[in-house]
Amino acid sequence: NAGVTQTPKFQVLKTGQSMTLQCAQDMNHNSMYWYRQDPGMGLRLIYYSASEGTTDKGEVPNGYNVSRLNKREFSLRLESAAPSQTSVYFCASSEGSRPNYGYTFGSGTRLTVV
Amino acid sequence: KQEVTQIPAALSVPEGENLVLNCSFTDSAIYNLQWFRQDPGKGLTSLLLIQSSQREQTSGRLNASLDKSSGRSTLYIAASQPGDSATYLCAAQGGSEKLVFGKGTKLTVNP
């Protein structure tokens, strides 16, 4: 089925370890986004990419880096994981960065940092 | 800075009841207002998108309205069913062109 695919679905890291969350979409969307969802905080934007080759910071970028590898793929990297980064991470895509394009979300990566 | 608020945080209703979920936003200069559904442990599913020039959108038993001047949107669910149980999120897309989410309303429909 067409959509947004995230890997892995679950991950446990030790403090200080690094990892990359992968995201791929097959809808030929231009824009891609990374959100984190925490209890009581809602979804907050980490980074986004309006088009291939561009990335910009969102509301909570500290401790993260991203790479828009090509039009399909947008990865999120934690260089040195901290317990505060325990969260559920969602990748999303939309047809364009202009308004009125709906968003499609992946099923999420549940990350625990111990 | 745009802030989106959803009230109530949780709602429990008997099956068959009509219900309204509320969403308010502080900056009325939005392009659209979107409603999503999230099932436990799952991602978000888009339900309705109301453009700033529109007053409402309908999909099946769902009807979403938008009043930009007052900074409010409502999601009306008719004849609720246990399968409607989920968390409902609203999000405003504004001048930054990025979605700002509310914290959601957790709906439970009891058989």
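Residues numbered from 1 in each chain as written. Chains lettered and ligands numbered in written order. Predicted model: local features only at pLDDT ≥ 70, side-chain atom pairs only at ≥ 80, totals over all residues. Heavy atoms only, no water.

Draft legend 1. Structural detail: the overall build of chain B. Helix and strand counts for chain B come out as 0 helices and 11 strands. Along its sequence from the N terminus, chain B presents helices and strands in the succession β-β-β-β-β-β-β-β-β-β-β. Its C-alpha atoms give chain B a radius of gyration of 13 Å, near enough to 13 Å, the size a compact globule of 111 residues would have. Out of the 111 residues in chain B, the part that is buried amounts to 43%. The contacts in chain B between residues at least 6 apart in sequence include a share of 54% that link residues at least 24 apart. (Helix = DSSP H or I, 4+ residues; strand = E, 2+ residues; numbered from the N terminus. Rg over C-alpha atoms; globule rule 2.2 N^0.38 Å. Buried < 20%, exposed > 50% of the residue type's maximum accessible area, 1.4 Å probe, protein only. Contact = heavy atoms within 4.5 Å.)

Draft legend 2. Region of the structure containing the environment of T55(A). All names here are of chain A. Summarising the element assignment, T55 is placed in the loop between β5 (42-49) and β6 (56-57). On the accessibility criterion, T55 (35% relative accessible area) is partly exposed. For the pair T55 and S31, spaced 24 residues apart in sequence, the C-alpha to C-alpha distance is 9.7 Å. In contact with T55, not counting residues within four places along its chain, are Y48, S49, V66, R68 and F74.

Draft legend 3. Up close: the sheet that holds strand β3 (residues 19-25) of chain B. Residue and element names in this part refer to chain B. With antiparallel pairing, 5 strands are arranged side by side in an open sheet as β1-β3-β8-β7-β6. Looking at strand neighbours, the two that pair on one side only are β1 (4-7) and β6 (56-59), the edges of this open sheet. When strand polarity is set aside, the average angle formed by the axes of neighbouring strands in this sheet is 15°. Here strand β7 (residues 62-67) runs beside strand β8 (residues 72-77); their pairing, made up of 6 bridges, is antiparallel. Looking at β8, one finds that D67 is bridged to R72. (Pairing = 2+ DSSP bridges. Axes fitted to C-alpha atoms, helices over the stretch in contact; angles between N-to-C directions.)

Draft legend 4. Molecular detail of the interface of chain A and chain B. Facing the 21 residues of chain A at the interface are 21 residues of chain B. Roughly 1,600 Å² is buried in total at the junction of chain A and chain B, and carbon and sulfur atoms are behind 55% of that figure. Counting the contacts that link chain A with chain B gives 1 salt bridge. Between K1(B) and E59(A) there is a salt bridge whose closest N-O contact spans 3.7 Å. Taken together, the connections running from chain A to chain B amount to 2 residue pairs in polar contact (both at pLDDT 80 or more). Of all the secondary-structure elements, those providing two or more residues to the side of chain A that touches chain B are β4 (31-38), β5 and β10 (103-105) of chain A. (Buried area = accessible area lost by both parts, 1.4 Å probe. Salt bridge = Lys/Arg side-chain N within 4 Å of Asp/Glu carboxyl O. Polar contact = N/O pair within 3.5 Å; in protein donor to acceptor, adjacent residues only side chain to side chain.)

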